[in-house]
Amino acid sequence: ARWMLNLAGLSGAAEVWPGKAHDSLLRVGDEFGVRSARLVFMDHRGTKFHEDLRRVEDKELLAIGALIIADNVLKPSAPVFCWTMHVSPAFEAVNWALGEFVQHHVEDWMVVAEFLRA
């Protein structure tokens, strides 16, 4: 990720924090305060997405208009997250069906949602 930021000439505009989202979320709140997250990208075990989303909401980290992007929603499956994104009035979400990386014939989903209100 750092290499991509350097390649794009954006290393001064963003930071890469390796580690688990559970720990990094607390750091976001400590360093930047409430409503400071404008982009949340989740690309790990989909079964944990709803827990990370709840943590982000509980800490009030999402800025109005923030984007939440979650990869691997179909496999290994994130039904609670997907349901939450589509029934909550706080989000406007779209599911995208894509070929899995390296295995293009295997379908997976990516959810892109905008945070509308607290």
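Every value quoted in this text rests on a predicted model; they were computed, and no experiment measured them.

The rules behind each value
Each chain has its residues counted from 1, following the order in which its sequence is written. pLDDT decides what is reported in this predicted model: residues at 70 or higher carry local features, side-chain atom pairs at 80 or more are listed and counted, and totals for whole chains, interfaces and linings draw on all residues regardless. Water and hydrogen atoms were dropped before computing side-chain values, which therefore reflect all heavy atoms in the structure. Salt bridges are counted wherever a side-chain nitrogen of Lys or Arg sits within 4 Å of a carboxyl oxygen of Asp or Glu. Buried means the residue's accessible area, taken with a 1.4 Å probe over protein chains only, is under 20% of the maximum for its type, while exposed means over 50%, and partly exposed covers the values in between. Ring pairs are drawn from Phe, Tyr and Trp, using the six-membered ring of Trp, whenever the two centres fall within 6.5 Å, and their geometry is named by plane angle: stacked under 30 degrees, edge-to-face over 60, tilted for the rest. Counting from the N terminus, the helices are the DSSP runs of H or I reaching at least four residues and the strands are the DSSP runs of E reaching at least two. Lysine NZ or arginine CZ positioned within 6 Å of the ring centre and within 35 degrees of the ring normal marks a charge as sitting over the ring. Polar contacts here mean pairs of N or O atoms no more than 3.5 Å apart (in protein, one a potential hydrogen donor and the other a potential acceptor; neighbouring residues in sequence count only if both atoms are side-chain atoms).

S.K.: Can you tell me about the pattern of salt bridges, naming the residues and giving the values?
M.R.: Opposite charge on two side chains makes pairing possible when the charged atoms of those side chains draw close. One pass over the structure, following the stated rule, counts four salt bridges. Between K48 and E51 there is a salt bridge; the shortest N-O distance is 3.8 Å. For K48, a relative accessible area of 36% puts it in the partly exposed group. The exposure class of E51 is partly exposed, given its relative accessible area of 28%. Three or more residues are tied together by salt bridges with common partners; here these are E15, R27 and E31.

S.K.: Could you give an account of the packing of aromatic side chains, naming the residues involved and the relevant values?
M.R.: According to the stated counting rule, one finds three aromatic pairs in the structure shown. With 6.1 Å between their ring centres and 10° between their planes, W17 and F32 make a pair best called stacked. One end of the pair, W17, is in the loop between helix 1 (2–8) and helix 2 (21–32); the other, F32, is in helix 2, and 15 residues separate them in sequence. Judged by centre distance (5.5 Å) and plane angle (70°), the ring pair of F49 and F81 falls under edge-to-face. Placement of F49 in helix 3 (residues 49–58) and of F81 in helix 5 (residues 79–87) is noted, with a sequence separation of 32 residues between them. The positively charged end of R27 is found above the aromatic ring belonging to W17, 3.8 Å away from the centroid.

S.K.: Which residues make up unusual backbone geometry, and what values do they have?
M.R.: A positive phi angle, close to 55°, is found at R35, a residue other than glycine. Here R35 is to be found in the loop between helix 2 and strand 1 (37–42). Phi at N72 is positive, roughly 65°, even though this residue is not glycine. Turning to its location among the elements, N72 is positioned in the loop between strand 2 (62–70) and helix 4 (73–77).

S.K.: Which residues make up the side chain of N72, and what values go with them?
M.R.: Relative accessible area serves as the criterion here: at 12%, N72 is assigned to the buried category. At 2.8 Å, the side chain of N72 and the side chain of D43 are in polar contact.

Just distances and angles here, no functional claims.
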